[in-house]
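Listed here are the chains, written in short residue letters.
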Amino acid sequence: MVRQSNTPADVPVEPRNREHSLGPALAGDWFDNHPFKTAWFNAMSITFPLGEKFFIDSVRHFADRIDDPKLTDDIRGFCGQEGFHRREHQHYNETLCQQRGYDLALMEGRLEANIKRSKKFFSPMQQLAITASLEHITAILAESALDESNPMRNEADPLMLALWQWHAAEEMEHKSVAFDVYRAMGGTEKMRKRAMRQSTLFLMIDVMAGVVHMLRRDGQLWNLRLWGQGWKFLFGRNGGILRSVWPAYKEYYKDGFHPWDRDTRPLLASWKENDQQLLTA
Ligand SMILES: [Fe+2]
Ligand SMILES: [Fe+2]
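Residues numbered from 1 in each chain as written. Chains lettered and ligands numbered in written order. Predicted model: local features only at pLDDT ≥ 70, side-chain atom pairs only at ≥ 80, totals over all residues. Heavy atoms only, no water.

Colleague: Would you take a moment to explain unusual backbone geometry for this structure?
Modeller: One can expect most non-glycine residues to show negative phi and most peptide bonds to be in trans. Unlike most non-glycine residues, Asp32 shows phi in positive territory, near 60°. Locating Asp32 in the fold gives a position in the loop between α1 (23-26) and α2 (35-60). One non-glycine residue with positive phi stands out, namely Asn33, at about 55°. With respect to the element layout, Asn33 can be found in the loop between α1 and α2. (Helix = DSSP H or I, 4+ residues; strand = E, 2+ residues; numbered from the N terminus.)

Here you go:
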């Protein structure tokens, strides 16, 4: 039997069935009282239920062709985790849009059309390559969310922080599952890199479209000072969240790259420790 799973043996891909009640936090600007920072994370959340369904489908498509029982187990854990993320973010998105007057159908409609097009025009292998690349983006954002220096720790509502960190930790646990399936199925390096370029573009456009919709409804769309602050939040030299993940992002374009080349187990361990304290508090 060939080993196909490269998730370290001490990292179980373990679904945690958690329910978050976020109503009061979602009614306001829960991240630093800041409309842009809040809208950025809310817009990412909008993409999750449909996006994660696409991920599950694209991995499941190959599940019965996997020979390594460990990778089969990883896939089961991956589908379980993404399933709970979908449920929690669906609830998040509905509560958010209801309370703040955002149009969920409009935002999801655009994404749904993109996914439909991908399913029509891309082969199952290309869809899996797209999933692997988006999982890398999620994993490096998760790394930054779990890092001690992340401003979210002090600036976000504690219930929201708990949800985002739970999601981040599980993304980190399953970060190489889609990738390992892609490799096991003989996916090429060329297709993998091309999928990353395409996915990055589509994801950025989609999240920005969500931000624009939300800020428009908030009456903040033409607040240029806010956009200046938003730019700094994303790309600023001192801790811009996208700028800081850029080196990790670029690694994906190296030949022979694997997500666990970045050993992020210490971050997982410290999340588990803090999480345990919160749960028993
Ligand atoms: Fe997820
Ligand atoms: Fe994921």
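That covers the picture; the talk isn't over yet.
Colleague: Would you mind showing me how to read the environment of Asn223 here?
Modeller: If you trace the backbone, Asn223 turns up in the loop between α9 (189-217) and α10 (224-235). What makes Asn223 partly exposed here is its relative accessible area of 29%. In sequence terms Asn223 and Trp260 are 37 residues apart; their C-alpha atoms lie 41 Å from each other. Of the polar contacts made by the side chain of Asn223, one reaches the side chain of Gln220; its length is 3.0 Å. (Buried < 20%, exposed > 50% of the residue type's maximum accessible area, 1.4 Å probe, protein only. Polar contact = N/O pair within 3.5 Å; in protein donor to acceptor, adjacent residues only side chain to side chain.)

Colleague: Hey, could you run me through the nonpolar core in this one?
Modeller: The tendency in soluble globular proteins is for nonpolar side chains to be buried as a group. Ranked by size, the top nonpolar core spans 47 residues in total, and within it Trp30, Trp40, Phe41, Tyr92 and Trp164 carry the most contacts. Sequence-distant contacts of Trp164, defined by excluding residues within four places in its chain, comprise Trp30, Phe41, Met44, Ser45, Phe48, His89, Tyr92 and Met152. Judged by nonpolar contacts, the second largest core, of 35 residues, contains Ile66, Ala132, Leu134 and Tyr252. (Core = buried A, V, L, I, M, F, W, Y, C linked by side-chain atoms within 4.5 Å. Contact = heavy atoms within 4.5 Å.)

Colleague: Any chance you could explain the coordination of the iron ion (ligand 2) here in plain terms?
Modeller: A four-donor tetrahedral metal ideally has 109.5 degree angles, and a six-donor octahedral metal ideally has angles of 90 or 180 degrees. For the iron ion (ligand 2), every protein donor is listed as Glu82 (OE), Glu135 (OE), Glu135 (OE), Glu171 (OE), Glu171 (OE) and His174 (NE2), and the spread of their distances is 2.0 to 2.8 Å. Considering all 6 donor atoms around the iron ion (ligand 2), the spread of angles at the metal, 51 to 151°, places the coordination shape in the irregular class. Between consecutive donor residues of the iron ion (ligand 2), the sequence gaps follow E-x52-E-x35-E-x2-H. In this model, the iron ion (ligand 2) sits 3.8 Å from the iron ion (ligand 1), the two metals being bridged by Glu82. (Donors = N, O, S within 2.8 Å, 3.2 Å for Na, K, Ca; no water. Tetrahedral: all angles 85-135°; square planar, octahedral: opposite > 155°, others 65-115°.)

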